[in-house]
Amino acid sequence: MRSLRILPIAAAGLLWAPAHAQVVLNEVSASNLSGYADNLGAFEDWVELYNTTGAPVDISGWYLSDDPANALKWPVPAATTLGANAHQVFFCSGLSSSGGGYFHTSFKLNQSAQNHVVLSDAGGTLMDDFQFTAPTKVDGSRGRTTDGAGTWSLFVTPTPSAANMGASPEYVTRPMLDPAAGFYGGAQNVSMSGPAGATIRYTTDGSEPIASSTAYAGPINVATTTVIRAACFSTTPGVPSSFIETNTYFINSNHTVAVVSVCGDQVDELLGGNQINPIGSFEYFGPDGVQRDEATGEFNEHGNDSWAYNQRGIDYITRDQTGYNDAIHYPVFRTHPQRHKYQRLILKAAANDNYPAQGSGSAHIRDAYVEALAQCADLHLDERSYEPCVMYANGQYWGVYELREKVDDYDYTKKYYGQDKNNLHFLQTWGGTWSAYGGAAAQTDWDNLNAYIQTNNMGNASSFAYVDSLYNWKSLVDYTVLNSYVVCSDWLNWNTMWWRGLDPSGNHKKWGYCLWDEDATFGHYVNYTGLPSQAPDADPCNPQTLGDPGGQGHIPILNKLIAENAMVHDYYVNRYIDLGNTTFSCNHMIPFLDSLIALIAPEMAEHCAKWGGSVGEWQANVQQLRDFINTRCVAIQQGMVDCYNLNGPYNVMYNVEPANSGNIAINSVTPGTYPFTGIYYGGITTTLEASGLNGYVFDHWETIHHALLPSMTDSLATLQFTTTDTIIAHFKPPITLSVVLMTDPLDKASITFDGLTYASFPTIVNVAEAVPIPMSVQPAQFFDFLYWEIKHNLPNTNDSTKHDISVTFYESDTIIAHLAPQEYGYWSPNAFTPNGDDINDTWQPWGNVIDLDNFELEVYDRWGRVMYTSTNPTEGWDGNVQGSAAPVGVYAYRAHIVEGITRKKHDLLGYVTVIR
């Protein structure tokens, strides 16, 4: 049927424009770093409301939010009245609390992300909306020029809870430097440009430019590695200077690892040993020398004993309040490629394994190595991810460092577990114990759990289930086994942290452990924990003899669980065995160590030139570390026998038949490849579980010397080794079923079935029984998908109208994808307004089921002259003719159309009016 639909002029987009509000957003600050304290003594972002009327306004149940799409995020508490012409500040702290005249919202503000501040009344009607489109410097704000005014201004000196006065002109525009920051093979001439009426002033020592700094007069020759910082200063009194542009130019500096350049007025003082918290710039460059990101934030001391060394570690915190950035936006750590934002980073100088500060035995790698090893093993722990880097401070080379992810930080817990800082119980022991998050409630929470464990029988199923609901005891096992394997002599009483989240919608709701400073390992450094031995033949059960270092009950809890619960006992002993056969085997530990050493080895000559020592001595120390590990791998086998009354050890090989048909879970680990060989013991139960792959089904076990319980045909089986053996899990190939694929109408779609696409039907495919098979449909042009028809294998829990579903087959079947031809149509507006306001500027007919190769459209004026032609039905007319605007008036058009399915031809006539 011929279809020609004429549409009216498109209506202009309506903008929300409220009536004059009684209460308005009056001033906001996302830069409150040190200017305005809340009732807790903290400096939080804040929002000020102002009552524009001469009468009190009840704002109970009104809403504040940082997101227009979720405007009702935080309700103002009941019985809240804003007095006549009064101000009220709300701290955006995330605490969601009130009391004593202080209000804390459930959200924080982020000016780098250009957050909104949204005010809505109790009925949800939007009353005011402010967006951070331009940042402010530290302790600045944005506010109405005067209370309730229609214009907004910058306030260099904010006025929270007071009348808006002293509005400032905007900052001068930041200068531009050329070339960009980065690595160059020779001297560079750095030029600067800024706005008219401003003087560019700069420094080359990392300090912030001030009004008396050197004025830029022409290109600056940079012949050695230098940090240039520049800002624009207005010649007009009262105009605040610009933000600072910071560029580090590395001249003839070559590195094979990431490079971090830090600078600031007091950075040298911090690195010289003064425990201050200066603000400065942080530039991050990849191993290829390309700048990944930069930010400005706070630096502070990292380390305790190691802070006495000349090469000091520092913590870095990006401060959005400075107006530059809210984080380093880049996936810094290869072990966490999904994380692209880091507010906090550690720049660690290998702590008490620092070379050459610790001299004999120091390898500049121990802590990074142990925590990276733990990540490889996927332990039930939180580890500080590691990437090697070199650091420059105010343009001066500062040696080989470790970029580390900070786990004792709410950014970390929020990213990986959905637990923010207001939902954490986080404890740390270093000499004494304190609560990093959660206050006294965190310690009470832990003390109550500890007391319950000590006063109840952990062999009782209900008692243990309660403990298991609150405590990740496998994390305690991994924490103990790891520190035992690496012979850590500085833990429990000095470097222990453990936590849990309280948000029921998040994860990590059980107490679990984090790794913290594993530099006193493999026989190195001081025995602060009081180990019976730091030698490579130290018994694996030594941690159980330590008593209660730190006084927080970790070892007493371990001993009680092992003594009273057979399942925990076997898991604990087998965890030593499992990790010793995989990640903690010398076949893995030594190559993994060598891979990390290879990353920093090219950098150590320059490091030694800076800090002393020699590459030869460092290499010898690394070899001592290798020798310790190799000895440890063998010695711990006898220690397992002595500590846990085991027999053996015995070499055991595991395999699957046919190849790639399945897996064998051996206690707590599942090998990735077969055959797999490990060292196992008698006197402890080993648990095996076979699972099929690719449709294969477990059939039976095959062994040489041992019978498996309960039988050789159970996929879950146990045994106790008495000798060496070979254990093979046999799998049966899947039962093959035939499935016919069809489309209705025939061949009007393609079907992707189990990863392969079919376009000609009917076709027959073979599938495995009881294996879910994904399939999807791709309709041909001019056809719509309706539904799948499955003849036999029902019910399948799918919505049959979805393009993509999964089907499990238990018998041969026929699958039909039903389709419907689209309806032909051609719609055309009868007027448009090409006046450049981005509303209804283009006349755009729309067609459906049109053959693209046979389309013609022509527009004529009243004298029959062609004003516009097109052979593309998706293009529109902009109201111009040969570059000039077509006069206002009525124009005729003709569209020649061929239907895509039926091939019917149509010549459609109509009119369009140009309105300006």
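Refer to the structure presented above.
Right, let's walk through the structure included here. (Residues numbered from 1 in each chain as written. Predicted model: local features only at pLDDT ≥ 70, side-chain atom pairs only at ≥ 80, totals over all residues. Heavy atoms only, no water.)

What follows concerns the overall build of the protein. Counting its regular elements, the protein contains eleven helices and 58 strands. Based on the C-alpha atoms only, the size of the protein along its principal axes is roughly 105 × 85 × 65 Å. Residues counted as buried form 52% of the 916 residues belonging to the protein. For the protein, the proportion of contacts with a sequence separation of at least 24, taken over those separated by at least 6, is 65%. Roughly 37800 Å² of accessible area belongs to the protein as shown, and the carbon and sulfur atoms make up 51% of that amount. Between the mean site of the 45 positive side-chain charges and the mean site of the 94 negative ones, the protein shows a separation of 6 Å. (Helix = DSSP H or I, 4+ residues; strand = E, 2+ residues; numbered from the N terminus. Buried < 20%, exposed > 50% of the residue type's maximum accessible area, 1.4 Å probe, protein only. Contact = heavy atoms within 4.5 Å. Areas by Shrake-Rupley, 256 points an atom, 1.4 Å probe, with all protein chains shown as cover. Lys, Arg positive; Asp, Glu negative; His and termini not counted. Charge placed at Lys NZ, Arg CZ, Asp CG, Glu CD.)

Across all of its chains, the model carries 31 salt bridges by this definition. The residue Asp594 makes a salt bridge to Arg626 at a minimum N-O spacing of 2.7 Å. Pair noted here: Asp594 is in helix H9 (residues 586-600) and Arg626 is in helix H11 (residues 615-644), with a separation of 32 residues, a long-range link. Members of the salt-bridge network, linked through shared partners, are Lys348, Asp367, Glu371, Arg384, Glu402, Arg404 and Asp517. (Salt bridge = Lys/Arg side-chain N within 4 Å of Asp/Glu carboxyl O.)

Before going further, it helps to examine the sheet that holds strand E39 (residues 697-703). In space, the four strands of this open sheet follow the order E37-E35-E41-E39, with mixed pairing throughout. Single-partner strands in this sheet number two, and they are strand E37 (676-682) and E39. In this sheet, adjacent strand axes meet at a mean angle of 30 degrees when their direction is disregarded. Across six bridges, strand E35 (residues 647-657) lies against E37 in antiparallel orientation. For Asn651, the partnering residue across the bridge sits in E37 and is Ile679. Sitting on the sheet, H11 is in contact with E35 and E37, with an inclination near 30 degrees to E37. (Pairing = 2+ DSSP bridges. Axes fitted to C-alpha atoms, helices over the stretch in contact; angles between N-to-C directions.)

In this section: helix H5 (residues 461-470). Of all the positions in H5, only Ser463, Phe464, Val467 and Leu470 are classed as buried. Viewed end-on, H5 has its buried residues packed into an arc of 125 degrees, placing them on one side of the element. Opposite the buried face of H5, at more than 90 degrees from it, the exposed residues are Ala461 and Ser462. Next to the buried residues of H5 lie helix H4 (439-455), helix H6 (473-485), strand E33 (496-501), helix H7 (554-564) and helix H8 (566-581). (Arc of directions from axis to C-beta.)

Let's shift gears to the packing of aromatic side chains. Counted by the stated rule, this structure contains 61 aromatic pairs. Aromatic pair Tyr171 and Phe243: ring centres 5.3 Å apart, planes at 70 degrees, arrangement edge-to-face. Of this pair, Tyr171 sits in the loop between strand E14 (152-155) and strand E15 (176-178) while Phe243 sits in the loop between strand E21 (226-234) and strand E22 (245-251), and the two are 72 residues apart along the sequence. Residue classification places Tyr171 among the buried residues on the basis of a relative accessible area of 14%. (Phe/Tyr/Trp six-rings, centres within 6.5 Å; stacked < 30°, edge-to-face > 60°.)

Right, let's talk about the side chain of Arg312 for a bit. Mapped onto the secondary structure, Arg312 falls in the loop between strand E25 (291-302) and strand E26 (313-318). An unpaired buried charge is present at Arg312: no salt bridge exists, and Glu301, the closest side chain of opposite charge, is 7.9 Å distant. A polar side-chain atom of Arg312 sits 2.7 Å from the main-chain carbonyl oxygen of Trp307. (Polar contact = N/O pair within 3.5 Å; in protein donor to acceptor, adjacent residues only side chain to side chain.)

You can see Asn493 is positioned in the loop between H6 and E33. We classify Asn493 as buried; its relative accessible area is 15%. Measuring from C-alpha to C-alpha, the distance between Asn493 and Gln321 comes to 37 Å, with 172 residues separating the pair along the chain. Non-local contacts of Asn493, meaning those with residues more than four positions away in its chain, are made with Thr429, Trp430, Gly431, Tyr528, Thr529, Pro549 and Gly550. Engagement of the side chain of Asn493 in a polar contact is seen with the backbone oxygen of Tyr528, the distance being 3.2 Å. Only 3.4 Å separates the side chain of Asn493 from the side chain of Thr529, close enough to count as a polar contact.

Here we take up the nonpolar core. The biggest cluster of nonpolar side chains holds 110 residues, and the ones touching the most others in it are Ile365, Tyr369, Tyr471, Ile629, Tyr654 and Trp701. In terms of residue count, H11 provides more of this core than any other element does, eleven residues in total. Setting aside residues up to four positions removed in sequence, Tyr369 forms contacts with Phe522, Met589, Phe592, Leu593, Leu596 and Ile629. Membership of the second largest hydrophobic core comes to 38 residues, among which are Val260, Val267, Val332 and Leu424. (Core = buried A, V, L, I, M, F, W, Y, C linked by side-chain atoms within 4.5 Å.)

Relative to the helices and strands, Glu899 resides in the loop between strand E57 (889-898) and strand E58 (905-914). Residues Glu899 and Ile629, 270 residues apart in the sequence, show an inter-C-alpha distance of 76 Å. Apart from residues lying up to four places away in sequence, Glu899 is in contact with Tyr824, Val849, Asp851, Lys904 and His906. At 2.7 Å, the side chain of Glu899 forms a polar contact with the side chain of His906.

Turning our eyes to something else, we now look at the pairing of strand E27 (residues 344-348). The buried fraction of E27 is high, at five of five residues. Alternating positions in E27 separate into two faces, Arg344, Ile346 and Lys348 on one and Leu345 and Leu347 on the other, with burial throughout. Strand direction decides the pairing type here: E26 and E27, joined by four bridges, are antiparallel. Across the sheet, Ile317 pairs through a bridge with Arg344, a residue of E27.

A cis amide bond links Gly648 to the next residue, Pro649, at an omega of 5 degrees. In this structure, Pro710 follows Leu709 across a cis peptide bond, with omega equal to 5 degrees. Take Pro710: it is sitting in the loop between E39 and strand E40 (716-719). Positive phi outside glycine occurs at Ala770, with the angle close to 65 degrees. Counting through the fold element by element, Ala770 comes out in the loop between strand E45 (763-768) and strand E46 (772-779).

Relative to the helices and strands, Leu154 is located in strand E14. As a C-alpha pair, Leu154 and Thr136 span 18 residues in sequence and 7.8 Å in three-dimensional space. Discounting chain neighbours no more than four positions away, the residues touching Leu154 are Thr136, Ser141, Arg142, Ala167, Ser168, Pro169, Glu170, Tyr171 and Pro240.

Put simply, H9 and H11 touch, their axes get as near as 10 Å, and they point 165 degrees apart. Overall, the two elements H9 and H11 adopt an arrangement that is roughly antiparallel. By crossing handedness, the relation of H9 to H11 is classed as right-handed. Judged by residue contacts, Cys586, Met589, Ile590, Leu593, Asp594, Ile597 and Ile600 of H9 engage Trp618, Val622, Leu625, Arg626, Ile629, Asn630 and Cys633 from H11. (Parallel < 35°, antiparallel > 145°, perpendicular 65-115°, else oblique. Left-handed = near helix turned anticlockwise from the far one by under 90°.)

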